[in-house]
Amino acid sequence: MRVVQVLGTNGAGKSTLLRALVQRDGAPSLHHRDLLGAPGGLFTVLARLHLVLVGDYVRANNTPGADRLRSKRHLLEALDHAVELAQAFEAHMVWEGIILMTRQYLPEYLARGLTPLYIVLDVLDETAFERLALRSGRPRTELKHQGGIVVARAKSVRRLAEWLAIQRGAEVVWLTSALSPEKMAQCVVEELAAHDHV
């Protein structure tokens, strides 16, 4: 089973990519699992694509993924529930979120017998900033303080992806923001199909 972790700075298109996977599947279903005291114990199952997404990517929600879970304990609990669902549906699991941009989850994947695939959304800083302004509905002048955060996180994503690929030999796929969400979703599906071992 693969665990697909989507990496990218704020506004890179992580949630948009997962919503494009939902559209591509065409018949998503939501599953709720209680996470001890944590909000957002929802999982989106895409049976046709053989994917389980951590979070609600069916209904409109500003923070559908792992960022709703604020502690490592809740994240690991969500990981275990997603793995159970993925096994039941013979699927891979997919998650995204700024909170996952750390090295600490690779050992957790390996301990569970999961093969990680990292999808890196490489976006121009200006593009990410524009998306954040559109998402918030506020003028760009009110969001200037987020510009530094976007740039810093983009650099962190690149360093993490390079470390995973070079130091750990992990499979890392880079997608550019020039691709449409539909094309990015197609790339993810093709990448999984090329190395399919659910």
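So, here is what we can say about the structure in this document.

What counts, and at which threshold
Residues numbered from 1 in each chain as written. Predicted model: local features only at pLDDT ≥ 70, side-chain atom pairs only at ≥ 80, totals over all residues. Heavy atoms only, no water. Helix = DSSP H or I, 4+ residues; strand = E, 2+ residues; numbered from the N terminus. Buried < 20%, exposed > 50% of the residue type's maximum accessible area, 1.4 Å probe, protein only. Contact = heavy atoms within 4.5 Å. Areas by Shrake-Rupley, 256 points an atom, 1.4 Å probe, with all protein chains shown as cover. Phe/Tyr/Trp six-rings, centres within 6.5 Å; stacked < 30°, edge-to-face > 60°. Polar contact = N/O pair within 3.5 Å; in protein donor to acceptor, adjacent residues only side chain to side chain. Axes fitted to C-alpha atoms, helices over the stretch in contact; angles between N-to-C directions. Parallel < 35°, antiparallel > 145°, perpendicular 65-115°, else oblique. Nonpolar A, V, L, I, M, F, W, Y, C, P; charged D, E, K, R; others polar. Salt bridge = Lys/Arg side-chain N within 4 Å of Asp/Glu carboxyl O.

This part is about the overall build of the chain. For the chain, the helix and strand inventory stands at six helices and seven strands. Expressed as a percentage of the 198 residues in the chain, the buried residues total 49%. Of the contacts made within the chain by residues no fewer than 6 positions apart, 71% connect residues no fewer than 24 positions apart. Of the accessible surface of the chain, which amounts to about 9,400 Å², a share of 51% is contributed by carbon and sulfur atoms.

Following the criterion strictly, the structure yields one aromatic pair and no others. Measuring from ring centre to ring centre gives 6.2 Å for Trp95 and Tyr105, while their planes differ by 75°; the resulting arrangement is edge-to-face. Note that Trp95 is positioned in strand β5 (residues 92-96) and Tyr105 in helix α3 (residues 105-111), a separation of ten residues in sequence. Across this residue pair, the class does not change: Trp95 and Tyr105 are buried.

What follows concerns unusual backbone geometry. Even without glycine at this site, His50 takes up a positive phi of about 60°. As for its position among the elements, His50 is in the loop between β3 (42-46) and β4 (51-54). Taking relative accessible area as the criterion, His50 reaches 38% and is therefore assigned partly exposed.

All right, on to the side chain of Thr44 then. On the secondary structure map, Thr44 appears in strand β3. Residue classification places Thr44 among the buried positions, given a relative accessible area of 0%. Of the polar contacts made by the side chain of Thr44, one reaches the backbone oxygen of Gly55; its length is 2.7 Å. Other than its neighbours up to four places away in sequence, Thr44 contacts Val22, Pro28, Ser29, Leu30, Leu51, Val52, Leu53, Gly55, Asp56, Tyr57 and Val58.

Axis separation between helix α1 (residues 14-25) and helix α6 (residues 181-194) bottoms out at 8 Å; the angle between their running directions is 75°. As far as their axial angle goes, α6 and α1 are roughly perpendicular. Contacts from Thr16, Leu17, Ala20, Leu21 and Arg24 of α1 reach α6 at Pro181, Glu182, Met184, Ala185, Gln186, Val188 and Val189. Taken together, the residues that form the contact of α1 with α6 break down as eight nonpolar, two polar and two charged.

What follows covers the pattern of salt bridges. Per the stated rule, a full pass over the model turns up six salt bridges. For the salt bridge of Glu108 with Lys72, the shortest nitrogen-to-oxygen distance reads 3.7 Å. Taken together, the residues Glu108 in helix α3 and Lys72 in helix α2 (residues 72-88) connect sequence positions 36 residues apart. Note on Glu108: relative accessible area 18%, which makes it buried. Taken together, the salt bridges that share partners define one network made up of Lys72, Asp80, Glu108 and Arg112.

By themselves these figures say nothing about function.
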